[in-house]
Amino acid sequence: MAATTAVGGRDRVLWREWARSLDRPLTSYYLILGTGVMLIALGLVMVLSSTMVNSITETGSAFSVFQRQLVSAMIGLPLMVIASQLPLWIFRLVGYPAMIASVALLLLTAFQGTEVNGAIRWLEVGGVLVQPSEPAKLAFALWGANILARKEELKELTEWRHLLIPLLPGCGLLTLLVLLGSDLSTTLVLLLTFLGLLWVVGAPGKLFVGMFFLVLGLAGIVTAIEPYRITRITAFLDPGADPQGAGFQSLHGLYALGTGGIFGVGIGASREKWGFLPFAETDFIFAIIGEEFGLLGTLLVLVLFGMLGYAGLRVAFRVKDPFSRLAAFAIVTWILGQAMINIAAVIGLVPVTGIPLPLVSYGGSSLIPTMTALGVLLAIARNEPQAQKALAARGPSWVQRALSWLGLDNVVASVHRRSGSTASRRTTTPRAPGKPEARGTKTTAKHKSGPVPAGDRPRRNRRR
């Protein structure tokens, strides 16, 4: 009985210590950083493992595809670090130009894009294929958060038209341009981000019901226009009906997960990557993780995405700035929504959509914007009230030191001061007009018994 009590007391102490560690000022920051780095590292390992066979067949080197993914990670890492150190007002300024650039690139892709696997989603830039719809997700998240934040600051979110305009037309324009490239999965992610932003600002339930039926109608129209999507739906309902055709990819994804069991067949020992599972390094990399690392590996991926989502929502609920709250929630909705769609397609819960697993799947067009979005989340986490105090106690950051070395710290401070003074002018109440005081007259201070001449005021630092 005493031993049981001792064990129970020890468990309670460990639980209290763990709960106390979550209350530290920079917990959100380190959770986002740790889970993001772990997912990126896991993705590099799995891209190497899943592409070795095809790389040897095509180029004679087992590392050719992995090297391209490694280069993308090396480009995304400094962008993530720099974004994590930037002040938040920069992201508000970047939203509009990023949205305009995304629309221009998607328009260019619709008319001058390169067709890959029957879809025109790619744009060739300097001999490299890029997918403009991926950075458009980050652009829409920042632009939409800035739009709604300004309306919230001006107390304009009480009417439904202020909730939807210009957010709905902007989202509609992006989704239309993305659908021109036959990319329904990215359209779903953009719509999820749009609905997430509306939910944060407290949109009424009727609006969500209307948007839900609008999305269903749009999906039905797009499915009816493209015959291959009807084939995907029939293959989803019964993949065994056409095992060598439409149901081939879904069946082999399930074969990979079933072969892995609990502990997996071992890293690099996948059988499905030997030409059986199409797009093993992109759409179905989760199946290769399940085959090589088993159920434990797939649960680890789910836990990492769950911790990333928890940390992002924790930041969204703790910050005071409306833009920070909206941007954090939009980025979390984008990343977690895309991850859930990908994993659901692999395990057979939804039709195959062709969407990558964020931070894990192969593709620099997806990896670099997602890593930059993680940097934005880290910057927002640094602006939690308690985190700001903890960082202020440490002294200036390396970005502030670098700006001071370049002589740009005063310029940035003046711009930030101007933006803050403009906001303060909007919120302050003007004073009542009064008569101007004549120059040379002595001012008086108020006292309980009346005004006190300036010469008779007590000095605070008077020696006794």
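Residues numbered from 1 in each chain as written. Predicted model: local features only at pLDDT ≥ 70, side-chain atom pairs only at ≥ 80, totals over all residues. Heavy atoms only, no water.

**Q** Report on the overall build of the protein, specifying residues and quantitative values.
**A** Along its length, the protein carries 17 helices and 3 strands. In the protein, buried positions account for 43% of the 464 residues. (Helix = DSSP H or I, 4+ residues; strand = E, 2+ residues; numbered from the N terminus. Buried < 20%, exposed > 50% of the residue type's maximum accessible area, 1.4 Å probe, protein only.)

**Q** Describe the nonpolar core, listing the residues and the values that go with them.
**A** Of all hydrophobic cores here, the largest spans 95 residues; its most connected members are Ile32, Phe140 and Leu357. If one sorts the elements of this core by residue count, helix 13 (residues 322-346) sits on top with 13 residues. Excluding residues that lie within four positions of it along the chain, Leu357 makes contacts with Thr282, Ile285, Phe286, Val301, Phe305, Ala339, Asn342 and Ile343. (Core = buried A, V, L, I, M, F, W, Y, C linked by side-chain atoms within 4.5 Å. Contact = heavy atoms within 4.5 Å.)

**Q** Which residues make up the environment of Leu188, and what values go with them?
**A** Among the structural elements, Leu188 can be located in helix 8 (residues 184-200). Taking C-alpha positions, Leu188 is 9.2 Å from Ile341, a pair spaced 153 residues apart along the chain.

**Q** How would you sum up empty space enclosed by the protein? Please name residues and give values.
**A** Within this structure, the stated rule accounts for 4 cavities of 30 Å³ or more. The space that makes up the largest cavity amounts to roughly 100 Å³. Along its surface, the largest cavity is lined by Leu106, Thr109, Ala110, Ile120, Arg121, Pro132, Ser133, Leu177, Val178, Leu180, Gly181 and Asp183. Going through the elements one at a time, helix 4 (88-112), strand 2 (119-125) and helix 7 (167-179) are the ones with two or more residues in the lining of the largest cavity. With 3 residues, the top contributor of residues to the lining of the largest cavity is helix 4. (1 Å grid on protein atoms, 1.4 Å probe; cavity = no way out; pocket = protein on both sides within 12 Å on 5 of 7 lines; lining within 4 Å. Points joined across faces, edges and corners; volume = space filled by probe spheres on them.)

**Q** Break down the pairing of strand 2 for me, with residues and values.
**A** Every other side chain in a regular strand lies on the same face of the sheet, so the side chains alternate between the two faces. By the bridge criterion, 3 bridges tie strand 1 (residues 114-116) to strand 2 in an arrangement that is antiparallel. Note that in strand 2 the partner of Glu115 across the bridge is Ile120. Taken together, strand 2 and the strand that follows it, strand 3 (residues 128-130), pair antiparallel across an intervening segment of 2 residues, in which Gly126 is found at a positive phi of about 60 degrees. (Pairing = 2+ DSSP bridges.)

**Q** I'd like a rundown of the confidence of the model for the protein, residues and numbers included.
**A** Considering every residue of the protein, the mean pLDDT works out to 82; 80% of them sit at 70 or more. Long-range and interchain partners of residues 418-464, a stretch whose pLDDT sits below 50, account for 14 contacts in this model, where long-range means more than four residues apart. (pLDDT = per-residue confidence, 0-100.)

**Q** Which residues make up the packing of helix 13 against helix 14 (residues 364-382), and what values go with them?
**A** At their nearest, the axes of helix 13 and helix 14 sit 10 Å apart, and the two run at 145 degrees to each other. You can see that helix 13 and helix 14 cross each other, and the crossing is left-handed. On helix 14, the residues touching Ser324, Ala327, Ala328, Ile331, Val332, Trp334, Ile335 and Gln338 of helix 13 are Ser366, Pro369, Thr370, Ala373, Leu374, Val376, Leu377 and Ile380. (Axes fitted to C-alpha atoms, helices over the stretch in contact; angles between N-to-C directions. Left-handed = near helix turned anticlockwise from the far one by under 90°.)

**Q** Can you lay out the packing of aromatic side chains for me, pointing to particular residues and giving the numbers?
**A** The geometry of an aromatic ring pair is captured by the separation of the ring centres together with the interplanar angle, meaning the angle of the planes. Scanning the model with the defined rule gives 4 aromatic pairs in all. With 6.2 Å between their ring centres and 40 degrees between their planes, Phe140 and Trp143 make a pair best called tilted. Taken together, the positions of Phe140 and Trp143, both in helix 5 (residues 133-153) and 3 residues apart, correspond to about one turn of that helix. You'll find Phe140 and Trp143 in the same group, each marked buried. Between Phe212 and Phe213, the aromatic rings sit 5.8 Å apart at their centres with planes inclined by 75 degrees, giving edge-to-face as the arrangement. The class of Phe213 is exposed, set by a relative accessible area of 54%. (Phe/Tyr/Trp six-rings, centres within 6.5 Å; stacked < 30°, edge-to-face > 60°.)

**Q** With reference to specific residues and values, describe the pattern of salt bridges.
**A** Evaluation of the coordinates by the stated rule reveals 5 salt bridges. With a shortest N-O distance of 3.2 Å, Glu153 and Arg92 are connected by a salt bridge. With Glu153 in helix 5 and Arg92 in helix 4, this residue pair connects regions lying 61 residues apart in the sequence. Judged by its relative accessible area of 15%, Arg92 falls in the buried class. (Salt bridge = Lys/Arg side-chain N within 4 Å of Asp/Glu carboxyl O.)

**Q** I'd love a proper account of a nonpolar patch on the surface, names of residues and values included.
**A** Together, Ile262, Phe263, Leu295, Leu296, Leu299 and Leu302 line one region of the surface with nonpolar side chains, adding up to about 590 Å² of accessible area. Tracing the sequence through the fold places Phe263 in the loop between helix 11 (248-260) and helix 12 (285-318). (Patch = residues over 30% accessible without salt bridge, like charges linked within 9 Å, V, L, I, M, F, W, Y side chains within 5 Å. Areas by Shrake-Rupley, 256 points an atom, 1.4 Å probe, with all protein chains shown as cover.)

**Q** Describe the side chain of Thr186, and please don't skip the residues or the numbers.
**A** Within the fold, Thr186 resides in helix 8. The exposure class of Thr186 is buried, given its relative accessible area of 1%. Within the structure, the side chain of Thr186 is placed 2.7 Å from the side chain of Asp183, a separation counted as a polar contact. Setting aside residues no more than four positions away along its own chain, Thr186 makes contact with Ser133, Glu134, Lys137 and Val178. (Polar contact = N/O pair within 3.5 Å; in protein donor to acceptor, adjacent residues only side chain to side chain.)

**Q** For unusual backbone geometry, give the residues involved together with the corresponding values.
**A** Pro166 follows Ile165 through a cis peptide bond whose omega is 5 degrees. When you line up the elements, Pro166 lands in the loop between helix 6 (160-164) and helix 7. Of note in this structure, Lys155 is not a glycine but carries a positive phi near 60 degrees. Phi at Leu359 takes a positive value of approximately 70 degrees, unusual for a residue other than glycine. The exposure class of Leu359 is buried, given its relative accessible area of 3%.

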